[in-house]
Number of protein chains: 2
Amino acid sequence: MSEDVAIVGVGMIKFGRYPEKRVEELGAEAVVLALKDAGVEMKDIQALYSGNLYQTSMSGQRILQQIGQTGIPVVNVANACATGSTAFREAYLAIKSGLYDIVMAVGTEQMGKQGLLGAPSDPATSPEGVLGTGLMPGVFGMAGMEHMRKYGTTWEQFAKVAVKNHFHSTMNPLAQYQKETPLEDVLNSRMIAYPNTLLMCCPTGDGAAAAILCSAKKARELTSKPVWVVASALTSDPWTQRDLTFPDINTLTREAARQAYEQAGLGPKDLDLVELHDCFATAELLHYENLGLCGEGEAGRMIDEKKTYLGGEIPVNVSGGLLSKGHPLGATGVANICEITWHLRGEAGRRQVEGAKVGLAHVIGLGSACTIHILQR
Amino acid sequence: MSEDVAIVGVGMIKFGRYPEKRVEELGAEAVVLALKDAGVEMKDIQALYSGNLYQTSMSGQRILQQIGQTGIPVVNVANACATGSTAFREAYLAIKSGLYDIVMAVGTEQMGKQGLLGAPSDPATSPEGVLGTGLMPGVFGMAGMEHMRKYGTTWEQFAKVAVKNHFHSTMNPLAQYQKETPLEDVLNSRMIAYPNTLLMCCPTGDGAAAAILCSAKKARELTSKPVWVVASALTSDPWTQRDLTFPDINTLTREAARQAYEQAGLGPKDLDLVELHDCFATAELLHYENLGLCGEGEAGRMIDEKKTYLGGEIPVNVSGGLLSKGHPLGATGVANICEITWHLRGEAGRRQVEGAKVGLAHVIGLGSACTIHILQR
């Protein structure tokens, strides 16, 4: 029987723009917050898993150079938007393996003004047979339109996701933006790729988040409020008869959800909150269905009925989500873990989901990787 | 008690230059060779760990797009020159964790003409207080000169490492170069950074290598010749009162060796062969001492007495080493594992170390990461 795994410390910096700092300085700040939260020091940490997508392939070592080089194993991982959550998952496996009692995962990114629209220097798809668009606003615009066509979902319903998440972010002092955006403002903001307007797209930004994971024995020594990792799933795209004009953004989340619910012995009805990958407003509604929070085609009604608001049936993205908390790529997956952890401990302040016992954190990266972690107190 | 881990299949392509191919095509070729060697198919593999340093952060998924997208977890790792061996180590941890029975590690790199002399776009060290050189030929030249100063090691002794490894490579059809280089040629080739001449520096090149790892139970189903991973160590630089002009290239290997020997319950005298990180000829002699193959200051005499030749007391780099087999960064760490595996199975052809039972694979990357794996049949 492999080890149970607990989270005993988390920390993140306010997402935003820090042009005067280096990415490893941001990472170091998050690490120090997590250490303080766990009541341990860097010398206690036995291995470090670090996720960063665009600045450096040696992000973990650079962070240790800032705050304490202890000679421990450092593994740098990348997995598109799921980079941070993959670092978290590898840290989880390290505890599961029985080789370590206490390890850390950290995720960082400093996107500055780079945006996500530029083509990478080496294109991710083969030069052969490229049709349609690989640009994220295009992909998630098309995915929304497909949902409209199949189920009659409306532009306003997608826009309401942005209204909700921006509203939630007003209660999160670590969110990049903390400003309400009424429906009219969302609909009237600049169109990026129909149906997503500017306020329905996540911003670029800088950020860092860290989490400390332990074996059960070690966790009980350190805290009276451990948060247990009861499921960890990672999927990539299965082969499909590929529609070259329209990437599939649903299948890998559905498969990860199936695996995660099975591992945890829990279902969507058991969840008290969800942090899901709302890189665009359209994505959030699709993932309600992909995660089984509602039936097929029911996502539009779910947002109309405010079921995913704080205080609703199943609050989604009470942190503000990627749309308003921000989405510094490598940091996002670990930040989701921080958010769920705070709720399960009852430490989420004004946005606390009362009595939360089980939460789900979901991240997808196209190209492709999807992680789902289910945490339980 | 965590799972024992075995290697049941390995494969690598000939290292060289493949300007007409994409890096994922090279990776796919190595993967197919490893699958064939293990007698399994892609659908049998439960997780993929992929190492690539410079071409793409999504190397694993791109390989699966070539040969079979099965929806499995894919983790992309980077750790400087230890990128491939870190992918292998994470695959090892995945089996140790008990979550998987059979996983794959793959390492790839396509260096083309890029060389290692160019500064990265974002410098790896802080802009503050940079002195000396961070260029690899400079660092390893200085390290050699320090050894000369302390122990009287000679230029010729360092050059003999290149003579040996180029000689060994004439027996390895997968080596990038397979040509003997007599001592006179080595000494008379173009000086790069004293004491290393051109023939004492590893070439740039393209390559790919893959290995399939299993739980003990699964390994026994698949093969009568499993190769056991009896130690896996990964270290980063511990904090030292830093000499800003002279990076320490010894400490992290020494610490990794200590850990690996302890894990395996073996010592240097138990080894039948070693594949170590001879990125420059100077490095090889230093690592004889760092790995405990000889006493302090005795490395020069060791090469004079040909103790590390095939047929000698402890053959080192019978594959040709980085100096002649080549060093496509992400591929190197997995290729070392392939080489040791072939020897332990008695399948290394003309360069076979007769009766080999235990082998050690060592890789270091500055910045920093050092892996040591000890394999046993």
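1. Side note on the relation of the copies chain A and chain B
Part 1 of the reasoning: For the pair chain A and chain B, the relating rotation is 180°, the translation along its axis is 0.0 Å, and the fit reaches an RMSD of 0.0 Å. These values place the two chain copies in the arrangement generated by a two-fold rotation axis. Closest to the rotation axis within chain A is the C-alpha of Ser97 of chain A, separated from it by 1.8 Å.

2. Observations regarding helix α12 (residues 329–345) of chain B
Part 1 of the reasoning: Helix length check: α12 of chain B (17 residues) gives 26 Å between terminal C-alpha atoms against 24 Å at 1.5 Å per residue, within 8%.
Part 2 of the reasoning: With 17 of its 17 residues buried, α12 of chain B lies for the most part within the structure.

3. Section: the interface of chain A and chain B
Part 1 of the reasoning: Between chain A and chain B, the residue contacts involve 49 residues of the former and 49 residues of the latter.
Part 2 of the reasoning: Here chain A and chain B share an interface that buries about 3,700 Å² over both sides, 47% of which is from carbon and sulfur atoms.
Part 3 of the reasoning: Applying the counting criterion to the chain A and chain B interface returns zero salt bridges.
Part 4 of the reasoning: Taken together, the connections running from chain A to chain B amount to 22 residue pairs in polar contact (both at pLDDT 80 or more).
Part 5 of the reasoning: Of all the secondary structure elements, the ones that give two or more residues to the side of chain A that touches chain B are α2 (59–67), β3 (74–78), α3 (83–96) and β8 (227–235) of chain A.
Part 6 of the reasoning: A total of seven residues in the side of chain A that touches chain B trace back to one element, the largest contributor, which is α3 of chain A.
Part 7 of the reasoning: For the side of chain A that touches chain B, the residue count by class is 24 nonpolar, 18 polar and seven charged.

4. Re the pairing of strand β2 (residues 48–51) of chain B
All names here are of chain B.
Part 1 of the reasoning: Of the two faces of β2, the one holding Leu48 and Ser50 and the one holding Tyr49 and Gly51 are both buried throughout.
Part 2 of the reasoning: Sheet topology places β2 next to strand β3 (residues 74–78); four bridges connect them, and they run parallel. Pairing of Tyr49 across the sheet is with Val75, part of β3.
Part 3 of the reasoning: Taken together, β2, helix α2 (residues 59–67) and β3 form a β-α-β motif whose crossover is right-handed.
Part 4 of the reasoning: Two strands pair when backbone bridges link them, and β2 and strand β4 (residues 102–110) are joined in this way by four bridges, in the parallel orientation. Among the inter-strand pairings, Gly51 is bridged to a residue of β4, identified as Gly107.

5. Considering the packing of aromatic side chains
Residues and elements named next belong to chain A.
Part 1 of the reasoning: Per the stated rule, a full pass over the model turns up six aromatic pairs over all chains.
Part 2 of the reasoning: On the numbers, 6.1 Å between centres and 35° between planes, the contact of Phe167 with Tyr309 is tilted. Of this pair, Phe167 sits in helix α5 (residues 155–169) while Tyr309 is found in the loop between α10 (299–304) and α11 (321–324), placing the two residues 142 residues apart along the sequence.
Part 3 of the reasoning: Residue class for Phe167 comes out partly exposed when judged on its relative accessible area of 28%.
Part 4 of the reasoning: With a relative accessible area of 13%, Tyr309 lands in the buried category.
Part 5 of the reasoning: Over the aromatic face of Tyr309 sits the side chain of Lys306, whose NZ or CZ is 4.9 Å from the ring centroid.

6. Considering the side chain of Asp206 of chain B
Residues and elements named next belong to chain B.
Part 1 of the reasoning: Note on placement: Asp206 falls in strand β7 (residues 206–215).
Part 2 of the reasoning: It is Arg17 that comes nearest to the buried, bridge-free Asp206 among opposite-charge side chains, at 5.3 Å.
Part 3 of the reasoning: From its side chain, Asp206 meets the backbone nitrogen of Tyr18 in a polar contact 2.7 Å long.
Part 4 of the reasoning: At 3.0 Å, the side chain of Asp206 and the backbone nitrogen of Met111 are in polar contact.
Part 5 of the reasoning: Apart from residues lying up to four places away in sequence, Asp206 is in contact with Lys14, Phe15, Gly16, Arg17, Tyr18, Pro19, Leu26, Glu109, Gln110, Met111, Gly112 and Pro328.

7. Details of the packing of helix α8 (residues 251–264) of chain B against helix α9 (residues 281–290) of chain B
All names here are of chain B.
Part 1 of the reasoning: Orientation of α8 relative to α9, taken along the N-to-C sense of each, is 40°, at an axis distance of 9 Å. Relative to α9, the element α8 lies oblique. For α8 against α9, the interelement crossing comes out right-handed. Here Thr253, Arg254 and Ala257 of α8 lie close against α9, whose contacting residues are His287, Glu289 and Asn290.
Part 2 of the reasoning: Of the residues assigned to the contact of α8 with α9, the class counts are one nonpolar, three polar and two charged.

8. What to know about the side chain of Glu24 of chain B
Residues and elements named next belong to chain B.
Part 1 of the reasoning: Looking at the secondary structure, you find Glu24 in helix α1 (residues 23–38).
Part 2 of the reasoning: Judged by its relative accessible area of 4%, Glu24 is buried.
Part 3 of the reasoning: There is a polar contact of 2.9 Å between the side chain of Glu24 and the side chain of Arg22.
Part 4 of the reasoning: Beyond its immediate stretch of four places on either side in the chain, Glu24 contacts Arg62, Ile63 and Gln66.

9. As for the pattern of salt bridges
Part 1 of the reasoning: This model, assessed by the stated rule, comprises 38 salt bridges over all chains.
Part 2 of the reasoning: In this structure, Glu255 of chain A engages Arg258 of chain A in a salt bridge whose closest nitrogen and oxygen atoms are separated by 2.7 Å. On the criterion of helical spacing, the pair formed by Glu255 of chain A and Arg258 of chain A is a turn pair, its members being three residues apart in helix α8 (residues 251–264).
Part 3 of the reasoning: Of the residues examined, Arg258 of chain A reaches a relative accessible area of 45% and is grouped as partly exposed.
Part 4 of the reasoning: Taking the shortest distance from any N to any O, the salt bridge between Arg351 of chain B and Glu339 of chain B comes out at 2.7 Å. Taken together, the residues Arg351 of chain B in the loop between α12 and β10 (358–365) and Glu339 of chain B in helix α12 connect sequence positions 12 residues apart. By the burial criterion, Arg351 of chain B is buried, and Glu339 of chain B matches it.
Part 5 of the reasoning: Because the salt bridges share partners, they merge into one network encompassing Asp37, Lys225, Arg345 and Glu347 of chain A.

10. Remarks on the environment of Gly27 of chain A
Residue and element names in this part refer to chain A.
Part 1 of the reasoning: Considering the arrangement of structural elements, one finds Gly27 in helix α1 (residues 23–38).
Part 2 of the reasoning: Gly27 gets classed as buried once you look at its relative accessible area, which sits at 0%.
Part 3 of the reasoning: As a C-alpha pair, Gly27 and Ile63 span 36 residues in sequence and 6.1 Å in three-dimensional space.
Part 4 of the reasoning: Excluding residues within four positions of it along the chain, Gly27 makes contact with Ile63, Val106, Thr108 and Ala208.

11. Focus: the nonpolar core
One recurring pattern in soluble globular proteins: nonpolar side chains tend to sit buried together.
Part 1 of the reasoning: Leu213 of chain A together with Leu213 of chain B are the most contacted members of the largest nonpolar core, which has 86 residues in total.
Part 2 of the reasoning: Discounting chain neighbours no more than four positions away, the residues touching Leu213 of chain B are Val5, Ala6, Phe88, Ala91, Tyr92, Ile95, Asp101, Ile102, Val103 and Ala105 of chain B.

12. Re the pairing of strand β10 (residues 358–365) of chain A
Residue and element names in this part refer to chain A.
Part 1 of the reasoning: Across the eight residues of β10, eight count as buried, placing the element largely inside the fold.
Part 2 of the reasoning: Burial along β10 is two-sided: the face carrying Val358, Leu360, His362 and Ile364 and the face carrying Gly359, Ala361, Val363 and Gly365 are both buried.
Part 3 of the reasoning: Relative to β10, strand β9 (residues 273–275) runs parallel, the two being bridged by three bridges. Residue pairing across strands places Val274 opposite Leu360, the latter belonging to β10.
Part 4 of the reasoning: Bridge analysis of β10 against strand β11 (residues 369–376) gives eight bridges, and the strand direction is antiparallel. Looking at β11, one finds that Gly365 is bridged to Ala369.
Part 5 of the reasoning: Here β10 folds back onto β11, and the loop between the two strands holds three residues, one of which, Gly367, carries a positive phi near 120°.

13. Digging into the confidence of the model for chain A
Interpretation of the predicted coordinates at a detailed level should be avoided for regions scoring low in pLDDT.
Part 1 of the reasoning: Averaged over all residues, the pLDDT of chain A equals 93, while 93% of them reach at least 70.
Part 2 of the reasoning: A low-confidence stretch, residues 117–121 of chain A (pLDDT under 50), is modelled with two contacts involving residues beyond four sequence positions or located in other chains.

14. Topic: a nonpolar patch on the surface
Residues and elements named next belong to chain A.
Part 1 of the reasoning: Together, Met145, Met191 and Tyr194 make up an exposed nonpolar region whose accessible area comes to about 270 Å².
Part 2 of the reasoning: For Tyr194, the location among the structural elements is in the loop between β5 (191–193) and β6 (196–197).
Part 3 of the reasoning: By relative accessible area, Tyr194 is classed as partly exposed at 38%.

Analysis parameters
Residues numbered from 1 in each chain as written. Chains lettered and ligands numbered in written order. Predicted model: local features only at pLDDT ≥ 70, side-chain atom pairs only at ≥ 80, totals over all residues. Heavy atoms only, no water. Least-squares fit on C-alpha atoms with pLDDT ≥ 70 in both. Helix = DSSP H or I, 4+ residues; strand = E, 2+ residues; numbered from the N terminus. Expected span 1.5 Å × (residues − 1). Buried < 20%, exposed > 50% of the residue type's maximum accessible area, 1.4 Å probe, protein only. Contact = heavy atoms within 4.5 Å. Buried area = accessible area lost by both parts, 1.4 Å probe. Salt bridge = Lys/Arg side-chain N within 4 Å of Asp/Glu carboxyl O. Polar contact = N/O pair within 3.5 Å; in protein donor to acceptor, adjacent residues only side chain to side chain. Nonpolar A, V, L, I, M, F, W, Y, C, P; charged D, E, K, R; others polar. Pairing = 2+ DSSP bridges. Right-handed = clockwise from strand over helix to strand, strands pointing away. Phe/Tyr/Trp six-rings, centres within 6.5 Å; stacked < 30°, edge-to-face > 60°. Lys NZ or Arg CZ within 6 Å of the ring centre and 35° of its normal. Lys, Arg positive; Asp, Glu negative; His and termini not counted. Axes fitted to C-alpha atoms, helices over the stretch in contact; angles between N-to-C directions. Parallel < 35°, antiparallel > 145°, perpendicular 65-115°, else oblique. Left-handed = near helix turned anticlockwise from the far one by under 90°. Core = buried A, V, L, I, M, F, W, Y, C linked by side-chain atoms within 4.5 Å. pLDDT = per-residue confidence, 0-100. Patch = residues over 30% accessible without salt bridge, like charges linked within 9 Å, V, L, I, M, F, W, Y side chains within 5 Å. Areas by Shrake-Rupley, 256 points an atom, 1.4 Å probe, with all protein chains shown as cover.

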